[in-house]
Each structure stands twice: as structure tokens, then as C-alpha cells.
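What follows is the residue order along each chain.
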Amino acid sequence: MGMFDRQKSREPRWLGPSAPARMALIPSISAARWLLILIALAGIYFFYGFIVPVLAALVIGFATWPLYGDLLRRTGNNTIAATIAIVLIVTFLVLPIVFAVIYTSGEVRDWFAWAVHANRFGAPTPQWIEVLPIVGPWLGEQWTHYIGSPGTIGELAQVVSGANIGNIYRAVLAAGGGAFHVVLTLLFMLIALFFVYRDGPSFVRQLDLLGERILPNRWERISRVVPATISSTVMGMTVIAIGEGIVLGLAYWIAGVPSPVTLGVITGLMALVPGGAPLSFTLVSIYLMASGDHVAGIGLLVWGTVELFIVDKTLRPKLVGGPIKLPFLPTFFGLVGGVKTMGFLGLFIGPVLMAIIVAIWRESIREVELAEEQAQREPELQVRLRREASDA
């Protein structure tokens, strides 16, 4: 064996003779950290298509974990509890959203078909716009200028979007081709959510180990604030917004409003923004009253006001449990940025990410303020100790 080792050591190396006594250019710990970072970046690059459904699964899992905990205690089995939870989420969350999107896409296509027809032949000003008090004449002039004459809608679309109205209409018709991608994303999200439920406790323990190593002084507070923030945002904004869209959409249908599903979806999206839902059903009520249906308009306005009062005073505090209020600007940026980056699921993920950023920012500010208060108290404490020592 010794002779074999000596012969092996005499063989020439490809990169020259070894020098074990030389100092490494990069410490082993730094090299390992950079290697982990490169592996993480490579994983994000190669699995970018799965990031959105996995993020959505994590958000839903965090938000519904207290309810899932009760279900787990009742069943006593992780797999059975996770399966029941997925079935409930599909029944009460995924299917209503899918049906609403299907009906909305059909109504939106009808809107674009009307826009193409109006662009070709022009459209007279509706009577309900002309009879509006104060703003009716001005809106009538704007309608005649931008919509009433042939070709004006195309010019307006060209100025606003830079695309021809025919191209926009064809893009809307072709949007149904992306339905398979949406279904595939939902499927991946449900699969990831199943494993989040089933393996959640072990995942949380591993996350705590890493968090305590990366942020040893702040992880304890962040690990409490972030789940509460996600639950507050999802339950306080998303779930309630979906509920308001469904309830007010049914009210639109009962009141006889055209395209009630699309208006319900718009109302639900507007409900994500503070003051959006009242603005939506108020405008629809004004349309009904201007069209001559005063009973339906007043009834819709009263129903919307009562519904929002009940939600804000009873359901929201119970679902949220001490919500973390988001300012308007981060909420708006979260919605727009989420939709632009992640599509439809960005409506849920964008505000959550902004809420986490705001929560971490507030915790950092609170930590700085506490440090300043402690720094101000230390001289007073030293003076008090000196006085006590001198008195003694």
C-alpha cells in the first residue's frame, strides 16, 4: 500500500504540483455561503414557473393555519386533514373564482364586441347619462367626442394603449388560450398546498432553525409578526373582498343591472382598495336611478351600505382578529405590482408581500425607537446610581 501511495504521489497533476501549505483565497465558510446562494439563484431560475403557485400555497396555508389546526385536532391524521382542507378550499374558494372568471370573460367579450361596433358606426349618448344632474351635459359632450362618432373609440384606444382596437379585440378573444396555463397553475398550487398542510409543522421547525441562525436577534419577533400579517391581509382583504364581490354581484343581478357578474368581479377587486366597494355600488346605484329605476337604485344603495356596515363591524374583526392596517399606497402598489408580475394570483400575493414589507419596516422602526429610549435612560440611571452611592 505504501509503495502504491508513493507511486501515486509521483504522478504529474493536471494543474501543476499541489501546495497544501498555501492559504486559501476564500475561507471555507464564505465559499459555502456563496455556493448556497448560487444554488438558490439557480433553483429560482430553473423553477421560476413554480414560484407563483408555491407562494400562493404558502399564503393560503399561513392564512388558514388556525382553521386547519382545529381540523387536524378533530381528525388526528395529517394526510386526512390536509385532504379535507384541500376539498374545502376547492369547493368554497377555487370553484367560485373559476366560474366568476368564465362568466366575466364572456361578458367582457360582449363589451369589446360592442366597442368594435360603436367604433365602426358610432354610438349615441345614452339617455341615462344626459339626465344626470350637474355632470350630465359634460359627460354627454365627452361621449360624443370620444365614442359617438365612427372611429373615435379606435383613436382613443390607440392613444391610451398604443394598440389598434381590432388587435385588442383579437387579444381578448385569444385570452381563452391561456386557460390551460391558469388551470395548470391552480393544480400546482393545490398540490403545493396539500404538502404545506401535511408537512407544515416540520417545515416550520426547519424555518425556525434557519431563521435563528440568519437573524438571531430579530427572528423571534418576525416569526410572530409575519404570520399575523399574512392572516390579517388575506382574511381582512382578500376573503372579505371576494365575499363582497359575490354578495354585491347577486344584488346587481336582482336589481337588473347589465353584466352583473363582471360588475361583481370589479366590485370585489375594488374592495381590495380602501373605499373601493362603496364607490362601486354607489356608481351602479346612480346608473339605476338615472335610468329611471329609482326603487332598484335606492334599494341597492341601502343594501350595500348595510352590508358594508355588517362586514366592518362584525365579520372583519372576527376573521382578522386585530388587523394590521395597510396604508392606501402600499395596498395599491401591491395590487398593481402583483397583477403585473404574477397575473391573477398577484391579486392575493402582491398585497401580502407589501404587508410583510410594511410589518418588517414597522418592527425595525420600533426597534430603533426602543434603542434610542434605552440610550436616553442610561445616563439618567448612571446619575441616579452616583447619587445613591454618594448618599451612602
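Parameters at a glance
- Residues numbered from 1 in each chain as written.
- Predicted model: local features only at pLDDT ≥ 70, side-chain atom pairs only at ≥ 80, totals over all residues.
- Heavy atoms only, no water.
- Helix = DSSP H or I, 4+ residues; strand = E, 2+ residues; numbered from the N terminus.
- Buried < 20%, exposed > 50% of the residue type's maximum accessible area, 1.4 Å probe, protein only.
- Contact = heavy atoms within 4.5 Å.
- Areas by Shrake-Rupley, 256 points an atom, 1.4 Å probe, with all protein chains shown as cover.
- Phe/Tyr/Trp six-rings, centres within 6.5 Å; stacked < 30°, edge-to-face > 60°.
- Axes fitted to C-alpha atoms, helices over the stretch in contact; angles between N-to-C directions.
- Parallel < 35°, antiparallel > 145°, perpendicular 65-115°, else oblique.
- Nonpolar A, V, L, I, M, F, W, Y, C, P; charged D, E, K, R; others polar.
- Salt bridge = Lys/Arg side-chain N within 4 Å of Asp/Glu carboxyl O.
- Polar contact = N/O pair within 3.5 Å; in protein donor to acceptor, adjacent residues only side chain to side chain.
- Expected span 1.5 Å × (residues − 1).
- Left-handed = near helix turned anticlockwise from the far one by under 90°.
- pLDDT = per-residue confidence, 0-100.

Things to note about the overall build of the chain
Across its full length, the chain carries 16 helices and 0 strands. Taking all 392 residues of the chain together, 31% fall into the buried category. For the chain, the share of sequence-separated contacts (at least 6 apart) that also reach a separation of at least 24 residues comes to 69%. Roughly 26100 Å² of accessible area belongs to the chain as shown, and the carbon and sulfur atoms make up 69% of that amount.

Here we look at the packing of aromatic side chains
Evaluation of the coordinates by the stated rule reveals 4 aromatic pairs. Arranged with centres 5.1 Å apart and planes meeting at 45 degrees, the rings of Trp-65 and Tyr-68 form a pair that is tilted. With Trp-65 and Tyr-68 both in helix α3 (residues 51-75) and 3 residues apart, the pair spans about one turn of that helix. The structure contains a cluster of three or more aromatic residues connected by ring pairs, namely Trp-65, Tyr-68 and Tyr-197.

Structural notes on the packing of α3 against helix α11 (residues 219-255)
Packing of α3 against α11 brings their axes to within 8 Å, and their N-to-C directions diverge by 95 degrees. As far as their axial angle goes, α11 and α3 are roughly perpendicular. Packed against α3, whose contacting residues are Val-59, Phe-62 and Ala-63, the element α11 presents Pro-227, Ile-230, Ser-231, Val-234 and Met-235 at the interface. Of the residues that constitute the contact of α3 with α11, the class distribution is 7 nonpolar, 1 polar and no charged.

Regarding the environment of Arg-120
Its location among the elements puts Arg-120 in helix α4 (residues 78-121). Between the C-alpha atoms of Arg-120 and Gly-151, which are 31 residues apart in sequence, the distance is 6.0 Å.

Thoughts on the side chain of Thr-262
Its place among the elements puts Thr-262 in helix α12 (residues 260-271). In this structure Thr-262 touches Thr-104, Glu-107, Val-108 and Trp-111, once residues within four positions along its chain are discounted.

Quick notes on unusual backbone geometry
Positive phi, normally seen in glycine, also occurs at Ser-259, with a value near 55 degrees. Look at Ser-259 and you get buried, because its relative accessible area is 16%.

Concerning the pattern of salt bridges
Once their charged atoms are close, side chains differing in charge can pair, the charge on each being opposite to the other. Tallied over the full model, the rule gives 2 salt bridges. With its nearest N and O atoms 2.1 Å apart, the salt bridge here joins Asp-70 to Arg-73. Pair noted here: Asp-70 and Arg-73 are both in helix α3, with a separation of 3 residues, about one helical turn. A relative accessible area of 35% means that Asp-70 is categorised as partly exposed.

As for the side chain of Ser-285
Topologically, Ser-285 is positioned in helix α13 (residues 276-290). Among the polar contacts made by the side chain of Ser-285, one reaches the main-chain carbonyl oxygen of Gly-297 at a distance of 3.5 Å. Other than its neighbours up to four places away in sequence, Ser-285 contacts Gly-297, Leu-300 and Leu-301.

A closer look at α12
With 12 residues, α12 should cover 16 Å at 1.5 Å per step; its first-to-last C-alpha distance of 16 Å lies within 8% of that length. Of all the positions in α12, only Pro-260, Thr-262, Leu-263, Gly-264, Thr-267, Gly-268 and Ala-271 are classed as buried. Residues of α12 that are buried make contact with α4, α11 and α13.

Some points on α11
Here α11 is 37 residues long and its end C-alpha atoms lie 52 Å apart, about the 54 Å a rise of 1.5 Å per residue gives. Immediately beyond the C-terminal end of α11, within one or two residues, lies Gly-256, with a positive phi of roughly 85 degrees.

Comments concerning the packing of α11 against α12
Relative to each other, α11 and α12 sit at 150 degrees, their axes nearing to 7 Å. Judged on the interaxial angle alone, α12 and α11 are roughly antiparallel. Judged by the sense of rotation from one axis to the other, the crossing of α11 with α12 is right-handed. Judged by residue contacts, Ala-241, Glu-244, Gly-245, Leu-248, Gly-249, Tyr-252 and Trp-253 of α11 engage Pro-260, Leu-263, Gly-264, Thr-267, Gly-268 and Ala-271 from α12. Taken together, the residues of the contact of α11 with α12 sort by class into 7 nonpolar, 5 polar and 1 charged.

What about the confidence of the model for the chain?
When pLDDT is averaged across the chain, the result is 76; 77% of the residues are at 70 or more. Ranking the helices and strands of the chain by mean pLDDT puts α13 first, with 88, and helix α1 (residues 2-10) last, with 50.

Some remarks on the environment of Leu-248
When you line up the elements, Leu-248 lands in helix α11. Spatially, the C-alpha atom of Leu-248 lies 9.5 Å from that of Val-261, the residues being 13 residues apart in sequence. Setting aside residues up to four positions removed in sequence, Leu-248 forms contacts with Thr-267, Phe-281, Trp-303, Gly-304 and Glu-307.

Let's talk about the environment of Trp-143
You can see Trp-143 is positioned in helix α6 (residues 136-148). A relative accessible area of 16% means that Trp-143 is categorised as buried. The spatial distance from the C-alpha of Trp-143 to the C-alpha of Pro-124 is 8.2 Å, given a sequence separation of 19 residues. Contact partners of Trp-143, with chain neighbours within four places excluded, come to Trp-114, Ala-123, Pro-124, Thr-125, Pro-126, Ile-129 and Gly-148.

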